[in-house]
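Structural overview
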Amino acid sequence: MLFRHPMFWRHPILKNMGNLRKLTTKPPVTNNHHHLARKKKRPIVHLSSAPREKYKAKAIGTSHPVVPHEVTPSLSIPDALDSTKPSYAEGVSRLPKSSGTQLAIHDEKSIHAMKTAAKVAAEILRLASSIVTQYRPGCSNNIQSNLTTNDIDIAVHNACLQRNAYPSALNYNGFPKSICTSVNEVACHGIPDLRPLQDGDIVSLDASIYLNEFHGDICSTVMVGQDFHGNDEDQKSSNLMDEDQIQRGKALIHATNEAMYRAIDVCRVGVEICEIGNAVQKVADQYGYRPMKRVCGHGIGSYLHMLPEVKLYRNKDKLRLEPGMIITVEPLLVEGHHAYVTWTDGWSTCTVDGGMAAQFKHMVLIKESGPPEILTDL
C-alpha cells in the first residue's frame, strides 16, 4: 500500500502527522479519576519504608528516630509592634505576589538597614544555640529538665520582642512558630514541639527577624550539650549517649560549616552564581556527603525570599553577581541519600533514609571589589 512506501511519510504535510496525533490524542477516560489524583503531592511521614525503597536508599537512622510530637499554639505579637510587622503577620495565608520575584540590589541606605537586621538575627541565633549547647539531659546542673524545641521557640519569640523585632518565620505561609528547629534527620523547616532533646541530637536553628522593614536570616547546627563542662558525677550521664551518632553528627556539622565558608569565598563581583553551588558540592564530595536540593539560598531585603535563587549544589546557572546584592549562602548536607519526604504537618522535611542533616547560613553582601561582607557574623 502507498502509506507503506518509505517516501510516503517524507511529504512536508504528512511527516508531522505523528506528532500531530500525539498532541490531539485525548487521555483515556476513567471513572475513578486516579490520573488526576496522582498530580497531587500528598505529605507523608518519613518513617514509612516505601520512599526509601523507591530511591533504593539504605537505611541509616539514629539511635532515637525523631517522630512528631504535640505542637502548642502560636505565640502572640503585641499591638505595640504593629509598625514593624511584615504584611503576612496579620493572618494572610499567602505572601504578596511580589515576594520572591524581585531581584535584590541594595543602595547605601538599605544596606545600612540590612546590617542592623542581620546583627539582630545573629544575636537571636546565638541565644538559641546557647540554650541547646548548654543543656545536658539527665544533668542536675540544668536550668530546666526535659528541654524541648518549644522552649527554644518561646525564648526566641520573647528575645525578638525585646528587640522590637518580628520573628519572620511566624505565619510565613502559615508557619506556626517563631523559629525553625530541625532535629537529626529532620533536615529543614522543623516545627518546634514538645519532644525532649536527647544526648547526641543535632539541631539546626533557622532564625529570621523583621526589623525596620527589612529581614535578617541566619542558621546554624549545634549539638546538645557540646559546651557543657561539669563535675565528674555529671559527666557520668554521658554513658547514655550514642558515641557513634555523636561522632557522625560532629563530622557532618564540621563539613557543612566548611562548605558554607568555601561557598562564601567565591562570592565576588562578576562571578557566575553557579560557582557558589559548585563550591558546596566540592566540599560535600570531599567528605562523602550530599547536598539536599530542597533548600536554596536567595536574595533578601524587604521580603524574606527574593531573587536571585542560589542553588547550593552543582549547577550551570550563569547569572553574575553584582555589587549591592545581598544573598543567603545556606548549604544543607545529608549523610546519605539527598531525597526527602515531608511530615503530615506540611513543613518538616526529613531525609528519606533517616540519615542526619546539617545546615549553616549567613547573609552575604557583594561589594564593588574584594571579598564579600558577612552581615550576620558577630
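The sections below set out a description of the structure shown in this document.

Description of the pattern of salt bridges
One pass over the full model with this rule turns up 14 salt bridges. A salt bridge links K85 to E90; the nearest nitrogen and oxygen atoms lie 3.3 Å apart. Judged by its relative accessible area of 16%, K85 falls in the buried class. Here E272 ties to R320 by a salt bridge, and the two come within 3.4 Å at their closest N and O atoms. Of this pair, E272 sits in the loop between α7 (243-265) and α8 (274-287) while R320 sits in the loop between β8 (306-310) and β9 (326-329), placing them 48 residues apart in sequence. On the basis of relative accessible area, R320 is assigned to the partly exposed category, the value being 46%. Several salt bridges share partner residues, and in doing so they unite D206, D217, E330 and K361 into one network.

Notes on the packing of α7 against α8
Here α7 crosses α8 at 150°, and the two axes come no closer than 8 Å. In terms of orientation, α7 lies roughly antiparallel with respect to α8. In the packing of α7 onto α8, the handedness of the crossing is right-handed. Where α7 approaches α8, its residues H254, A255, E258, A259, R262 and A263 are matched on the opposing element by I276, A279, V280, V283, Q286 and Y287. When grouped by side-chain class, the residues that make up the contact of α7 with α8 number eight nonpolar, two polar and two charged.

Conventions we followed
Residues numbered from 1 in each chain as written. Predicted model: local features only at pLDDT ≥ 70, side-chain atom pairs only at ≥ 80, totals over all residues. Heavy atoms only, no water. Salt bridge = Lys/Arg side-chain N within 4 Å of Asp/Glu carboxyl O. Buried < 20%, exposed > 50% of the residue type's maximum accessible area, 1.4 Å probe, protein only. Helix = DSSP H or I, 4+ residues; strand = E, 2+ residues; numbered from the N terminus. Axes fitted to C-alpha atoms, helices over the stretch in contact; angles between N-to-C directions. Parallel < 35°, antiparallel > 145°, perpendicular 65-115°, else oblique. Left-handed = near helix turned anticlockwise from the far one by under 90°. Contact = heavy atoms within 4.5 Å. Nonpolar A, V, L, I, M, F, W, Y, C, P; charged D, E, K, R; others polar.

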